[in-house]
Amino acid sequence: MQEQDTYYLNEICTQNALYTQQTGRKKKCLTHTFGCQMNERDSEILFGFLAQMGYEKTDIEAEADLVLFNTCCIREKAESKVLSHLGELKKLKQKNPDMIIGVCGCMMQQKGMADTIRSSAPYVDVIFGTHNLHHFPEYMYNVYQGKGRQIEILDKEEGVQEGLPSYREYPFKALVNIVYGCNNFCTYCIVPYVRGRERSRKQADIVQEVKQLVADGVVEITLLGQNVNSYGLDLQDGTNFAGLLQELDQIEGLRRIRYMTSHPKDLTEELVKTIAESSKVVDHFHLPVQSGSSRVLELMNRRYTKEHYLQLIDLIRKYMPNAAITTDIIVGFPGETEEDFLETVDLVRKVKFDNAFTFVYSKRAGTPAARMEDPISLDEKKERLQRLNDALSDISRDINDKLQDTVVEVLVEGPSKTNEEMLTGRTTSNKTVIFAGDPSLIGQIVPVTITEAQTWVLKGTLAE
C-alpha cells in the first residue's frame, strides 16, 4: 500500500473518531457483493480499508453511513439487481443526505455503464472499476473533503498491488488471489474486457501471505484466478501453478488448499499428478466444460473439443479415481441445436459430474457472441436446462448414495442456513454436510458419519 493511501486512511479515521466522540456511535458500513469469489475477495479488501477508516459492519441499510455495491456483469440478472437496489436507496439518501453510496466492480468497467449510473442515480457519490480498487481511500477522502462525486474508470490495469488490507468473514479460511485478469476471450464472456489481461503475483508474495494467514489461524485457503492453470506464464521465469502448489503444500499448519477456476485447455498431466501427490490440495476438480458439443465449443472459443475434455477426465481418474469433479454448463448458446444439446447430455452422463452450475446463455454486449444469430426461443432454452438438470440430479444422487455410512472429514463452517440448531461444513470433495454438534467445533476439521445421502447435501452425525 502506498504512503499517500495511508495518509488518506489516517485522515478519515481521525474524522470518524471525532464523529464518534461527538455522537457516541461509530460510523457503519454495508457492502453488497455480487458475482464470483474474486468479487468476494475484492470486498474483503474494501472492508479492510473501511475498518482502518474506523467503520464497523452493519446488515441494516437504514443505519448505514456508507453503502457500497461491488458489482458483477457476467449475467444480465446481476446488473438488474444492482440498478433496482440503487433505486431503492434513493429514499434513504433523501432521509440521510450524509450517507455515502458507492458502486464499483466489473459492471462499472462496461462501456457507458458509469455514465448510466451518473445520470440515473445522481445521488451515488463514488464510482470506480476493477483496475483502481487500491485508490478507494483517495476517493473516500475526497468525498469527506466535499470535493463532489468521485468517478474514475481506468481503461487499463495497473499491475499487481501488494500489501492491501483485508477483512475476512471466517477466521479459519481465506481467499488468496494468485492471478488477476484473463487472456482467454471466450466469445460469450465479458471478463477479459472488465478484468484486464492476466497478471500473476510473484510466488514468494503468495507464499508469504499464506504463511501469515496460517499464523493467524487459517487452516484452509482457496487460491483465486479466472484461470489458475495459467498462473505464472506471464512471469516468464519458469513459475507455474504446479510449482506453486508444491511450495504451499510444505507450509506447516495449513490443512487444505482449494482453487478456482481451472480452464481445461491448460490442465496438464504434471498438474494433475502434483495434485494427486499433495497432502493438502483437495480431491475436487472444478473444470468448466460449458458445452458437450465440439461445434459449440469452437463457437465459444474454448480451444478444446469434447474428446479432449473427456481425455482430461480420464487423466484425473487415472491419478485420483475417487476425486469429485464439478463443472459449469451454458445452455442455449447462440445456434445451439438439439443435437448439440444432446452432445452435452451425453458428456454429462459419461463424466458423471458430482455437481454442476448450469445457466441459460446470457447475452453480454461487447462480446462476439452477442452478434451471433440466436434463433432459439427462451422457452426452448429453459426446457433444455430442465432436462439437463434432471440428468445431473440423478447422477449427483447416485454418487452421494455411495457415501452412505462412510466417515468423511468436514471443516465446520458454522450454523446451517436451513436449521440454526445444526452445523454445516464441507468435505475435501466440496460436499456440504449437515450434522448436530456444539458451536465450539466451528473452524475445526472433524470426522462425520454420513447417515442420510441427499441429492445436494449429506446429513450425518459426529463419528466417535
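Residues numbered from 1 in each chain as written. Predicted model: local features only at pLDDT ≥ 70, side-chain atom pairs only at ≥ 80, totals over all residues. Heavy atoms only, no water.

Caption draft 1: Just the nonpolar core, in detail. Residues I221, L223 and F241 are the most contacted members of the largest nonpolar core, which totals 66 residues. Ranked by the residues each element gives to this core, the list is headed by helix α12 (residues 306–319), at six residues. Contacts of L223, omitting those with residues within four sequence positions, involve V176, I178, V228, F241, L244, L245, L248, I257, R258, Y259 and M260. With 27 residues, the next largest nonpolar core counts L30, A64, L86 and A121 among its residues. (Core = buried A, V, L, I, M, F, W, Y, C linked by side-chain atoms within 4.5 Å. Buried < 20%, exposed > 50% of the residue type's maximum accessible area, 1.4 Å probe, protein only. Helix = DSSP H or I, 4+ residues; strand = E, 2+ residues; numbered from the N terminus. Contact = heavy atoms within 4.5 Å.)

Caption draft 2: Focus on the state of the cysteines. This structure, assessed with the given rule, holds zero disulfides. Here C72 is not disulfide-linked; the sulfur of C73 is the nearest cysteine sulfur, at 6.0 Å. Overall, C72 belongs to the buried group, its relative accessible area being 9%. With no disulfide partner, C106 has as its closest neighbouring cysteine sulfur the one in C73, 5.1 Å distant. (Disulfide = S-S within 2.5 Å.)

Caption draft 3: Just the pairing of strand β18 (residues 445–453), in detail. Sheet topology note: the strand β15 (residues 407–415)/β18 ladder contains five bridges and is antiparallel. Bridge pairing in β18 places L411 opposite I445. Sheet topology places β18 next to strand β19 (residues 457–462); five bridges connect them, and they run antiparallel. The partner of E452 across the bridge, within β19, is K459. Taking the residues between adjacent antiparallel strands as the criterion, β18 and β19 are bridged by three residues. (Pairing = 2+ DSSP bridges.)

Caption draft 4: Here's a closer look at helix α13 (residues 338–351). Over its 14 residues, α13 runs 20 Å from end to end, which matches the ideal 20 Å to within 8%, given 1.5 Å per residue. Among the residues of α13, D340, F341, T344, V345, L347, V348 and V351 are the ones counted as buried. Viewed end-on, α13 has its buried residues packed into an arc of 155°, placing them on one side of the element. Turned more than 90 degrees off the buried face of α13, the exposed positions are E339, R349 and K350. (Expected span 1.5 Å × (residues − 1). Arc of directions from axis to C-beta.)

Caption draft 5: Molecular detail of empty space enclosed by the protein. Enumeration according to the criterion identifies one cavity of 30 Å³ or more in this entry. Of the voids in this model, the largest cavity is the one considered here, and its volume is about 30 Å³. Along the lines of polarity and charge, the residues of the lining of the largest cavity split into three nonpolar, four polar and one charged. (1 Å grid on protein atoms, 1.4 Å probe; cavity = no way out; pocket = protein on both sides within 12 Å on 5 of 7 lines; lining within 4 Å. Points joined across faces, edges and corners; volume = space filled by probe spheres on them. Nonpolar A, V, L, I, M, F, W, Y, C, P; charged D, E, K, R; others polar.)

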